[in-house]
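Examining the three-dimensional arrangement
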Protein chains: 2
Amino acid sequence: MKNFIIRTLSGLAFTILVIGSILYGPVAFAVVFGTIMVAAVWEYLNITMGKGNLGETLLARTFTMVAAVALFVNMFLVVAYGYDPLYLLFAVLPVMGIFISNMYVKSYNVHQIKEVDGKVERVPNGYETYPFTLGALVYVALPFSLMSLVLFDKSGVYNGNILLSMMIMLWCTDVGAYLLGSTLGQMLGHRLFPSISPKKSWEGFFGGLVCSVAGAVILRAAGLLELTLVDAIVVGVIICIFGVLGDLVESQLKRNFGVKDSGKIMPGHGGMLDRFDGALLAFPVAIVYIIFFAA
Amino acid sequence: MKNFIIRTLSGLAFTILVIGSILYGPVAFAVVFGTIMVAAVWEYLNITMGKGNLGETLLARTFTMVAAVALFVNMFLVVAYGYDPLYLLFAVLPVMGIFISNMYVKSYNVHQIKEVDGKVERVPNGYETYPFTLGALVYVALPFSLMSLVLFDKSGVYNGNILLSMMIMLWCTDVGAYLLGSTLGQMLGHRLFPSISPKKSWEGFFGGLVCSVAGAVILRAAGLLELTLVDAIVVGVIICIFGVLGDLVESQLKRNFGVKDSGKIMPGHGGMLDRFDGALLAFPVAIVYIIFFAA
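This report concerns the structure included in the present document. (Residues numbered from 1 in each chain as written. Chains lettered and ligands numbered in written order. Predicted model: local features only at pLDDT ≥ 70, side-chain atom pairs only at ≥ 80, totals over all residues. Heavy atoms only, no water.)

1. Some words on the overall build of chain A
Tallying secondary structure elements over chain A gives nine helices and four strands in all. The secondary structure elements of chain A, listed N-terminal to C-terminal, are α-α-α-α-β-β-α-α-β-β-α-α-α. Taking 19 Å as the expected radius of gyration for a compact globule of 295 residues, we find that chain A reaches 21 Å, a close match to that expectation. A principal-axis box enclosing the C-alpha atoms of chain A has dimensions of 65 × 55 × 40 Å. Relative to its full complement of 295 residues, chain A shows a buried share of 55%. Taking as baseline every contact in chain A between residues at least 6 positions apart, the subset at least 24 positions apart corresponds to 70%. Computing the positive centroid from 18 side-chain charges and the negative centroid from 17, chain A places the two 7 Å apart. (Helix = DSSP H or I, 4+ residues; strand = E, 2+ residues; numbered from the N terminus. Rg over C-alpha atoms; globule rule 2.2 N^0.38 Å. Buried < 20%, exposed > 50% of the residue type's maximum accessible area, 1.4 Å probe, protein only. Contact = heavy atoms within 4.5 Å. Lys, Arg positive; Asp, Glu negative; His and termini not counted. Charge placed at Lys NZ, Arg CZ, Asp CG, Glu CD.)

What follows is the structure, given as structure tokens:
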């Protein structure tokens, strides 16, 4: 019971923070979402690279964090204040720093070869985990940075309603999946992707789809989602499908590293990566659709 | 002797192709450098992910290749034909495809845990190599794509001379490093980075530095490198330092995977990645300097 209250309160506080920052204005968005991104990048690095080699890889992780922040901030400056898109190049320099700093990780330059079943194999020395720094940038920092692209209407006026609607559709997907998954899904049990997520069912997926599309239609009727009806429905479908896929992609990641929650920043909810796993895949696809294909 | 002739001829043909494409015009550049990039990405994936799991990872590798080509082509279209920079977003979609296709690699969802010295460790199942697909994009495709940024002068007229000059400075670095490294370097033997590259010496590095800067000054005097003297020298220094670092970064990569040459596309010269290892680090840094800091 106490856990339930803590979980509810921290979930509520987080929801208010996210919605509030989008409604408040561009700078509030940048501060709150930038901070969430930093936490998510940090969680991702801890999951994938472990904590054992923190000392050796601290420089590479720092460059990763600098690159993530540079990408997010410069994308925001380009969109919000009309900076030249070339400013995004400043995110490239710290990436070069990642590659160079790897040279100074001693264990990466110590190689052991062993024979397994007659085949020569290398013994892992940690080097194989370094590209997860690039994963932190492409999988975590890039989707967060792309959110800026839907924050302003064509005349350059701030309008967080589209991003807010996308967030609400993602939550609708979760709610619908929970409602149908925990009832019909448990009864009929057509499992969605058992090797990654044993509990997810097709019933839950379709519950999510119905709720996400219904959410899109209602948001449009309420005047928040300024798209045609067809585009609103398509975005609802995209958010649900890629949201579920994003969920599975993060589950696969965590399973591969034997981790249950991405972090413990939110009492009762795990980490930031867990909160945004669906968004990491769904938002980039939805944003591309809205920018290029919406009427 | 026969090897020497083959090596010389294939090196000469390659040099003519690279220089010729830059001089010929933007489309020739895009075709030749795009093709080189595709070969380099493919080599990089084979080195880092191995060839054993080719069947299982073919989809992820295909998405990687599509993302690389989309990045290169769209960057070129943005710079050469004034396309909206938003077109770069089309490189984001295939990246989402990489993440999703990983879900369908069976071995990634089979986990084995073993105990080593009382610590629980996971047995590698191949999943740990998947972020090298992102490495192929950030480490290989991005630097190639950024080259487009210095191909046009401020009035939009094609001028490959800066990229050509950067290429020549990189070759000057190699020549200078070879001349001083194989003579003074062998005699005095101040080793540069023995754990990665036992043969490289500080003498070779300074030989490269002198030649690269001399090259910059001469290229400037010849009217090819249209920068102030100070900027030309700075670019010469950047190309040498980051070229050598790029060389070491690729050596570290190859050593970690027990590979000598990145490929065998060029008789006697190894692969495309070997030809461009210095450029992968040196060009992005030089390009940022030229765009933002050159007078």
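There's more to say after this.
2. As for the interface of chain B and chain A
In this complex, chain B contributes 52 residues to the contact, which on the side of chain A involves 52 residues. For the pair chain B and chain A, the summed buried area comes to about 4800 Å², and 80% of that belongs to carbon and sulfur atoms. Ranking the residues of chain B by area buried against chain A places Met103(B), Tyr127(B) and Asn256(B) at the top, with a combined share of 14%. The interface formed by chain B and chain A holds ten residue pairs in polar contact (both at pLDDT 80 or more) in total. Secondary-structure elements contributing two or more residues to the side of chain B that touches chain A are helix 4 (92-102), helix 5 (132-146), helix 8 (229-256) and helix 9 (272-292) of chain B. No other element matches helix 8 of chain B, which puts eight residues into the side of chain B that touches chain A. Broken down by class, the residue content of the side of chain B that touches chain A amounts to 41 nonpolar, eight polar and three charged. (Buried area = accessible area lost by both parts, 1.4 Å probe. Polar contact = N/O pair within 3.5 Å; in protein donor to acceptor, adjacent residues only side chain to side chain. Nonpolar A, V, L, I, M, F, W, Y, C, P; charged D, E, K, R; others polar.)

3. Observations regarding the nonpolar core
In this structure, Phe33(A), Phe144(A), Phe283(A), Phe33(B), Phe144(B) and Phe283(B) are the most contacted members of the largest nonpolar core, which totals 193 residues. Apart from residues lying up to four places away in sequence, Phe144(A) is in contact with Phe33(A), Ile36(A), Met37(A), Ala40(A), Phe72(A), Phe276(A) and Leu280(A). (Core = buried A, V, L, I, M, F, W, Y, C linked by side-chain atoms within 4.5 Å.)

4. Considerations on the environment of Val230(A)
Within the fold, Val230(A) resides in helix 8 (residues 229-256). Along the sequence, Val230(A) and Ala294(A) sit 64 residues apart, while their C-alpha atoms lie 8.9 Å from each other.

5. Some remarks on the relation of the copies chain B and chain A
The transform that puts chain B on chain A rotates by 180 degrees and translates by 0.0 Å along the axis, for an RMSD of 0.0 Å. On the angle and the small slide along the axis, the relation comes out as a two-fold axis. For chain B, the minimum C-alpha distance to the rotation axis belongs to Pro131(B) and amounts to 2.7 Å. The residues that chain B uses at the interface reappear at the interface of chain A in 100% of cases, marking a shared surface. (Least-squares fit on C-alpha atoms with pLDDT ≥ 70 in both.)

6. Points about the packing of helix 4 (residues 92-102) of chain A against helix 9 of chain B
Running from amino to carboxyl end, helix 4 of chain A crosses helix 9 of chain B at an angle of 150 degrees, the nearest separation of the two axes being 10 Å. In this view, helix 4 of chain A runs roughly antiparallel relative to helix 9 of chain B, as classed from their interaxial angle. For the element pair helix 4 of chain A and helix 9 of chain B, the recorded crossing hand is left-handed. Across the interface between the two elements, Val92(A), Leu93(A), Met96(A), Phe99(A) and Ile100(A) of helix 4 of chain A pack against Leu280(B), Leu281(B), Pro284(B), Val285(B) and Val288(B) of helix 9 of chain B. Residue classes in the contact of helix 4 of chain A with helix 9 of chain B are distributed as ten nonpolar, no polar and no charged. (Axes fitted to C-alpha atoms, helices over the stretch in contact; angles between N-to-C directions. Parallel < 35°, antiparallel > 145°, perpendicular 65-115°, else oblique. Left-handed = near helix turned anticlockwise from the far one by under 90°.)

7. Some thoughts on the packing of aromatic side chains
Applying the stated criterion across every chain, the model contains 56 aromatic pairs over all chains. The structure contains a cluster of three or more aromatic residues connected by ring pairs, namely Phe14(A), Phe29(A), Phe33(A), Phe72(A), Phe76(A), Tyr81(A), Phe144(A) and Phe276(A). (Phe/Tyr/Trp six-rings, centres within 6.5 Å; stacked < 30°, edge-to-face > 60°.)

8. Structural notes on the packing of helix 7 (residues 202-221) of chain A against helix 8 of chain A
All names here are of chain A. Their axes nearest at 8 Å, the elements helix 7 and helix 8 cross at an angle of 145 degrees. In terms of crossing hand, the pair formed by helix 7 and helix 8 is right-handed. Residue-level contacts link Phe205, Gly208, Leu209, Ser212, Val213, Ala216, Val217 and Arg220 of helix 7 to Leu229, Ala232, Ile233, Gly236, Val237, Ile239, Cys240, Ile241 and Val244 of helix 8. The residue inventory of the contact of helix 7 with helix 8, partitioned by class, reads 13 nonpolar, three polar and one charged.

9. Thoughts on the pattern of salt bridges
All names here are of chain A. Summed over the entire model, instances satisfying the criterion amount to six salt bridges over all chains. The shortest N-O distance in the salt bridge between Asp247 and Lys200 comes to 3.6 Å. Placement of the pair is Asp247 in helix 8 and Lys200 in strand 4 (residues 197-201), with a sequence separation of 47 residues. What you see here is one network of salt bridges that share partners, running through Glu250, Lys254 and Asp274. (Salt bridge = Lys/Arg side-chain N within 4 Å of Asp/Glu carboxyl O.)

10. Re helix 9 (residues 272-293) of chain A
Residues spaced three or four apart along an α-helix face the same direction, because each turn holds 3.6 residues. Residues and elements named next belong to chain A. The end-to-end C-alpha distance of helix 9 is 30 Å, a good match for the 32 Å that 22 residues give at a rise of 1.5 Å each. When the local axis directions of helix 9 are compared, the greatest deviation, roughly 35 degrees, occurs at Ala282, which is followed within four positions by the proline Pro284. In terms of residue burial, helix 9 counts as a mostly covered element, since 18 of its 22 residues are buried. (Expected span 1.5 Å × (residues − 1). Bend = angle between axes of the 7 residues up to and from the residue.)

11. Description of the side chain of Thr133(A)
Residue position: Thr133(A) is located in helix 5 (residues 132-146). A relative accessible area of 1% means that Thr133(A) is categorised as buried.

12. Observations regarding the side chain of Asn102(A)
With respect to the helices and strands, Asn102(A) occurs in helix 4. Look past the residues within four positions of Asn102(A) in its chain and what remains in contact with it is Ala60(A), Tyr108(A), Tyr130(A) and Gln252(B).

13. Quick look at helix 5 of chain A
Residue and element names in this part refer to chain A. Given a rise of 1.5 Å per residue, 15 residues ought to cover 21 Å, and the 20 Å separating the end C-alpha atoms of helix 5 matches this to within 8%. At Val140, helix 5 is bent by approximately 30 degrees, the largest bend along its length, and proline Pro143 sits one to four residues beyond. Burial of helix 5 is extensive: 15 of the 15 residues sit out of reach of the surface.

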